[in-house]
Amino acid sequence: MAGKMLKPQKKLLEQDHVLPYKIDVEGYLFQVVIFTKLGKISGITVLRSEDELTSKEEALAVVQKLQKYNFYFEYLTKRTSIVKERDSTVAERIEQAQLILNNNILFGEKLQPEIDQLSLALEVYKQQQHKMDIYQEDIALLNEKIKEQGLIKEEDWKSAEDLSIAFMIAAYAQTIYLEATRDNRVTLAKWFHQNQKQLPAEERKALAKMVNVLSDTNGGLVFDQIISLLPLLEDGLLIDKTNPLPKRAQEFNMEYEAHCRFYKPNTNKISELIRNE
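Note that the coordinates shown come from a computational prediction; the quantities given were computed from them, not determined experimentally. In this numbering scheme, every chain counts its residues from 1 along its sequence in written order. The predicted nature of this model means local features are confined to residues of pLDDT at least 70 and side-chain atom pairs, given and counted, to a pLDDT of 80 or more, with totals for whole chains, interfaces and linings taken over all residues. Water and hydrogen atoms play no part in the side-chain values, which are based on all heavy atoms of the structure.

What is the right way to look at the overall build of the protein chain in this model?
A run of H or I in DSSP becomes a helix once it reaches four residues, and a run of E becomes a strand once it reaches two; helices and strands are each numbered from the N terminus. Helix and strand content of the protein chain: twelve helices and five strands. Taken over the C-alpha trace, the protein chain has a radius of gyration of 24 Å; the compact-globule value for 277 residues is 19 Å, which it surpasses by more than 25%. Projected onto its principal axes, the C-alpha coordinates of the protein chain cover approximately 80 × 35 × 30 Å. Here, two residues are considered to be in contact whenever any of their heavy atoms come within 4.5 Å of each other. In the protein chain, of all internal contacts separated by at least 6 residues, the share reaching a separation of at least 24 is 68%. Within the structure as shown, the protein chain displays about 15,700 Å² of accessible surface, and the carbon and sulfur contribution to it stands at 53%. For the purpose of counting charges, residues Lys and Arg are taken to be positive, whereas Asp and Glu are taken to be negative. His and the chain ends are not included. Each charge is placed at NZ for Lys, CZ for Arg, CG for Asp and CD for Glu. Each charge class in the protein chain can be summarised by its mean position, and for the 37 positive and 42 negative side chains these summaries are 6 Å apart. Restricting the calculation to C-alpha atoms gives the radius of gyration, and the globule rule supplies 2.2 Å times the number of residues raised to the power 0.38. Values of accessible area rely on a 1.4 Å probe in the Shrake-Rupley scheme; residue burial ignores everything except the protein chains shown.

Quick question: what am I supposed to make of the side chain of Thr 181 here?
Topologically, Thr 181 is positioned in the loop between α6 (154-180) and α7 (182-195). At 2.8 Å, the side chain of Thr 181 forms a polar contact with the backbone oxygen of Tyr 177. Beyond its immediate stretch of four places on either side in the chain, Thr 181 contacts Gln 117, Leu 118 and Ala 121. Under the rule applied, a polar contact is a pair of N or O atoms within 3.5 Å (in protein, one hydrogen donor and one hydrogen acceptor; residues adjacent in sequence only if both atoms are side-chain atoms).

Teacher, can you tell me more about the nonpolar core here?
General note: in soluble globular proteins, nonpolar side chains tend to be found buried as a group. If you look at the biggest cluster of nonpolar residues, it comprises 77 residues, and the most contacted ones within it are Val 32, Tyr 69, Phe 107, Tyr 125, Leu 188, Leu 207 and Met 210. It is α6 that provides the largest number of residues to this core, a total of twelve residues. Once residues lying within four places of it in the same chain are set aside, the contact partners of Tyr 125 are Asp 87, Val 90, Ala 91, Ile 94, Gln 174, Leu 178, Val 222, Phe 223 and Ile 226. We define the nonpolar core as a collection of buried residues of types Ala, Val, Leu, Ile, Met, Phe, Trp, Tyr and Cys that are connected through side-chain atoms lying within 4.5 Å of one another. A 1.4 Å probe rolled over the protein chains alone gives each residue an accessible area, and that area as a share of the maximum for its type sets the label: buried under 20%, exposed over 50%, partly exposed in between.

Set out below in structure tokens:
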């Protein structure tokens, strides 16, 4: 029956994809069908559970809820496509090589403050990455649960919202500390290359490993990819970037949680794609 219902909705060269879960709006269950053409969304149709077309108003309410769920994990989706799993690998490599930065005699009084800042940023990176790895597993389990039950239940909305807030808070702290210590990484590399011949063999080997981990082809590349997503983290929020990092992170935590709890998607563009008339 659904196939017959969709036939008039489908246009030339389009493919239709029925979402593997229904959406509950005020106690009624709806099925969403996405039409794509050349890899882009070209239309959306919303059906009742008995495979009847809904009204345009009902369809818009359903699509709004779908937009909200996608909003929860928009940053994660973008980050996964850009950074992939290398962020966790870099965290492990930093853990293995970081000890050399705690040598308070090696770098001298002039350089030591920059090394301390970098060491703190790397510690924040590791800790927050560990949290995000756990949250990402929880998000994957939630999506699997929704797929198996074929429905987004009320409790799932709450879980998605809470996980989005937790993940974004960790990602923001990680990102701003990495951004603030970009120059510190460059300074460390330059200092090492200028002074490596004078260093004791053990310290030279340990520091070479650390510099390699942070190089532009390893951790530095991943860090810059993460930093590039900062505008997406701050989108729609009013953050005072002149604040010290701990206060800036705290401000983001409050702003994003409120933004997430009361988020209302912009339906102007998506409304044009809905084919329920």
